[in-house]
Amino acid sequence: MSDWKIYHGDGVPTPDRIRGLPEPPPWRNFNFLSESRAKTFLPPHGVVEVVNAALYLRRPILVTGDPGTGKSSLAYAVAHELDLGEVLFWPINSRSTLIDGLYQYDALARLRQASIERARTSGDGQAHQENLLSEDLGRYIKLGPLGTAFLARDRPRVVLIDEIDKSDVDLPNDLLHVLENGDFEIPELTRISEETPEVEVTVSDPGAGRQRIERGHVRCCMFPFIIITSNRERDLPPAFLRRCLRIDLPHPNPDELRKIVQRHLGMSDEAKLEELLSKFEKRRQQGMVLATDQLLNAFYMLAQGRSMSAKDRDLIEQVLLRELDVR
């Protein structure tokens, strides 16, 4: 392809251009996203030791650092290397509560089903009551990422609790209580435990099928490997911090950046990589806040082996190596 541009902005329909679109970069190929994040993660100094301590002590790890330092990727790297299955992901926002991580009960769906059953009884109250009693309550309960991990039997699951500092002020301490005691109850199941002591519920792992809960009580069998990330947007409670092992991930140095690019893309053009690394590091030394994935994006674009003018190269660098707003 003589011109690297697929979209020209001239308003002329040219559908054949899209056929020249290359394969996506590994970190944007959603069929292998988890595997890519796992295989390309380069643990900084001290991380391996902290991960092993967390496995032995059954403690969560609080991972802090600026955006783009690989906080979330650590969870995928551990899950991949130890064959612990898919990472159970719990993204946190200002509305997140502990219940979101443990289970969800879809009361509205159950109410709709009850209305359908009521209509089918044709006024027969007794039949309607029997239908309600026979209803499978477990169909309307789904364990969250943490609740699903508590059910693991033969090996621990990996749970990624992402950006805990965005949560309500009570969530860290609520979470701490569950992790210290290793169990929780589902009140909707506890209330019917005399009539129905065992109920099968849905879990957050698509391949696991439905899992059995006895008397509405879930007790941790294998303590999960838990990564909790924070962008340091606010302070967390001292009691919570005291019970976590902590890692602060620094920005990779130039040698580590070079290895990260090689893991993702290989060494397709060493000269271009060294040139880009030099500019990237110089901007950091000038105080600019840059993330590793910005370097990856820029190198991927500039190493396409296509016709790109010097003006285009400069513009790509300006767009992709722009300082992050981390406020």
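See the structure above.
Presented here is a report on the structure given in the accompanying data block. (Residues numbered from 1 in each chain as written. Predicted model: local features only at pLDDT ≥ 70, side-chain atom pairs only at ≥ 80, totals over all residues. Heavy atoms only, no water.)

Quick word on the environment of Thr-196
In step 1: Along the chain, Thr-196 turns up in the loop between helix H9 (187-190) and strand S7 (198-201).
In step 2: Spatially, the C-alpha atoms of Thr-196 and Glu-214 are 8.9 Å apart, while their sequence positions differ by 18 residues. (Helix = DSSP H or I, 4+ residues; strand = E, 2+ residues; numbered from the N terminus.)

Details of helix H1 (residues 33-40)
In an α-helix, one full turn covers 3.6 residues, which means residues spaced three or four apart are oriented alike.
In step 1: Those residues of H1 that sit buried are Ser-36, Ala-38 and Thr-40.
In step 2: Looking at the buried residues of H1, the elements they touch are helix H3 (71-81) and helix H11 (254-265). (Buried < 20%, exposed > 50% of the residue type's maximum accessible area, 1.4 Å probe, protein only. Contact = heavy atoms within 4.5 Å.)

Let's talk about the side chain of Asn-231
In step 1: Tracing the sequence through the fold places Asn-231 in the loop between strand S10 (225-230) and helix H10 (238-242).
In step 2: Residue Asn-231 is classed as buried on the basis of its relative accessible area, which comes to 18%.
In step 3: A distance of 3.0 Å separates the side chain of Asn-231 from the side chain of Lys-71, its partner in a polar contact.
In step 4: Contact partners of Asn-231, with chain neighbours within four places excluded, come to Gly-65, Pro-67, Lys-71, Glu-163 and Asp-165. (Polar contact = N/O pair within 3.5 Å; in protein donor to acceptor, adjacent residues only side chain to side chain.)

Re the packing of aromatic side chains
In step 1: Throughout the structure, instances matching the rule amount to two aromatic pairs.
In step 2: For the pair Trp-27 and Tyr-300, a centre-to-centre distance of 6.2 Å together with 75° between the ring planes defines the contact as edge-to-face. With Trp-27 in the segment before H1 and Tyr-300 in helix H13 (residues 292-302), the pair connects residues that are 273 residues apart, well separated along the chain.
In step 3: Taking the centre distance of 6.0 Å and the plane angle of 50° together, the rings of Phe-150 and Phe-184 count as tilted. Of the two residues, Phe-150 is situated in helix H7 (residues 145-150) and Phe-184 in strand S6 (residues 183-185); the sequence distance between them amounts to 34 residues. Each member of the pair, Phe-150 as well as Phe-184, carries the same accessibility label: buried. (Phe/Tyr/Trp six-rings, centres within 6.5 Å; stacked < 30°, edge-to-face > 60°.)

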